[in-house]
Amino acid sequence: TRALKLYAQQLRGEEARLGPESVQVAATLCNLANAHIGTGRYAEVLPFFQRALGIVETAVGPGHVACAAILVSTANFRREEGEYSAARELLARARALQERHLGKDAAETAETVEALAALSESAGDHRAASDSLETALEARRAIATAAAA
């Protein structure tokens, strides 16, 4: 598709201009992965997410919260592929980073907990899904209360 061609062209340009290990290259790799998902080219998705995560981990360290978004995107893809164990591990890692750096009541953390709920539901664990949704709702309430204060 046109989007895939444009992202591939953008990637080549950024790699030439900024170097293959640039954080901007990592962002484009994630966009390229998502474009592949959108076109149903699933076999090509994971290497893009893995390379993007490797770049970001090298640039800022594996314990940096910037890694969380890529972990969540990769986990959501893995969930859609039925790879629940791998998805759960990635989401747990993202959540830990977010809670450590942003707090348990941050919007990003709540979104990751909601992704854990979706994963649990997909895996047929309705109790864990309910528990995760309740945790996310508590965080959303805390966010709303802080915004209103």
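Residues numbered from 1 in each chain as written. Predicted model: local features only at pLDDT ≥ 70, side-chain atom pairs only at ≥ 80, totals over all residues. Heavy atoms only, no water.

Regarding the overall build of the chain
Working step 1: Per the secondary structure count, the chain includes seven helices and zero strands.
Working step 2: Taken from the N to the C terminus, the helices and strands of the chain come in the order α-α-α-α-α-α-α.
Working step 3: Counting across all 149 residues of the chain, residues that qualify as buried make up 36%.
Working step 4: Considering only intrachain contacts with a sequence separation of at least 6, the fraction spanning at least 24 residues in the chain is 52%. (Helix = DSSP H or I, 4+ residues; strand = E, 2+ residues; numbered from the N terminus. Buried < 20%, exposed > 50% of the residue type's maximum accessible area, 1.4 Å probe, protein only. Contact = heavy atoms within 4.5 Å.)

With respect to the environment of Val23
Working step 1: With respect to the element layout, Val23 can be found in helix 2 (residues 23-39).
Working step 2: Here the alpha-carbon distance between Val23 and Glu99, two residues 76 residues apart in the chain, equals 23 Å.
Working step 3: If we ignore the near neighbours within four places in the chain, the residues touching Val23 are Ile55 and Ala59.

What to know about the pattern of salt bridges
Between side chains of opposite charge, a pair can form when the charged atoms approach closely.
Working step 1: Under the criterion given, the structure shown has 10 salt bridges.
Working step 2: Salt-bridge contacts for Arg41 lead to Glu44; the nearest nitrogen and oxygen are separated by 3.1 Å.
Working step 3: Take Arg41: its relative accessible area is 37%, and that puts it in the partly exposed class.
Working step 4: When its relative accessible area of 33% is taken as the criterion, Glu44 is described as partly exposed.
Working step 5: Here Arg127 ties to Asp131 by a salt bridge, and the two come within 3.9 Å at their closest N and O atoms. Here Arg127 pairs with Asp131, and both are found in helix 7 (residues 126-148), just four residues apart, close to one helical turn.
Working step 6: A residue is classified by how much of its surface remains accessible, and Asp131, at 37% relative accessible area, is partly exposed. (Salt bridge = Lys/Arg side-chain N within 4 Å of Asp/Glu carboxyl O.)

Notes on the nonpolar core
Working step 1: Counting residues in hydrophobic clusters, the biggest one holds 32 residues, and the most contacted among them are Leu29, Phe49, Ala52, Cys67, Ile70, Leu71 and Leu91.
Working step 2: Elements represented by at least two residues in this core include exactly helix 1 (2-18), helix 2, helix 3 (45-60), helix 4 (66-80), helix 5 (84-101) and helix 6 (107-122).
Working step 3: In terms of residue count, the dominant contributor to this core is helix 3 (eight residues).
Working step 4: Ignoring any residue separated from it by four or fewer positions in sequence, one finds Cys67 in contact with Leu53, Val56, Glu57, Gly61, Pro62 and Leu97. (Core = buried A, V, L, I, M, F, W, Y, C linked by side-chain atoms within 4.5 Å.)

Overview of the packing of helix 5 against helix 6
Two numbers describe a pair of packed helices, the interaxial angle and the distance between the axes.
Working step 1: At a minimum axis separation of 9 Å, helix 5 and helix 6 run at an interaxial angle of 160°. In terms of axis orientation, helix 5 runs roughly antiparallel to helix 6. The interaxial crossing formed by helix 5 with helix 6 has left-handed handedness. In this structure, helix 5 uses Tyr84, Ala87, Arg88, Leu91, Ala94, Arg95, Gln98 and Glu99 to contact helix 6, whose residues at the interface are Glu108, Thr109, Thr112, Val113, Ala115, Leu116, Leu119, Ser120 and Ser122.
Working step 2: Taken together, the residues of the contact of helix 5 with helix 6 break down into eight nonpolar, five polar and four charged. (Axes fitted to C-alpha atoms, helices over the stretch in contact; angles between N-to-C directions. Parallel < 35°, antiparallel > 145°, perpendicular 65-115°, else oblique. Left-handed = near helix turned anticlockwise from the far one by under 90°. Nonpolar A, V, L, I, M, F, W, Y, C, P; charged D, E, K, R; others polar.)

Side note on the side chain of Arg79
Working step 1: Checked against the element boundaries, Arg79 lands in helix 4.
Working step 2: Apart from the residues within four sequence positions on either side, Arg79 is in contact with Tyr84, Ala87, Ala118, Leu119 and Ser122.

Here's the deal with helix 2
Working step 1: Between its first and last C-alpha, helix 2 extends 25 Å over 17 residues, near the 24 Å set by a 1.5 Å rise per residue.
Working step 2: Those residues of helix 2 that are buried lie in contact with helix 1, helix 3 and helix 4.
Working step 3: One side-chain oxygen at the N-terminal end of helix 2 lies 3.1 Å from the backbone nitrogen of Gln24; it belongs to Ser22.
Working step 4: At the C-terminal side of helix 2, Gly40 shows a positive phi close to 80°. (Expected span 1.5 Å × (residues − 1). Polar contact = N/O pair within 3.5 Å; in protein donor to acceptor, adjacent residues only side chain to side chain.)

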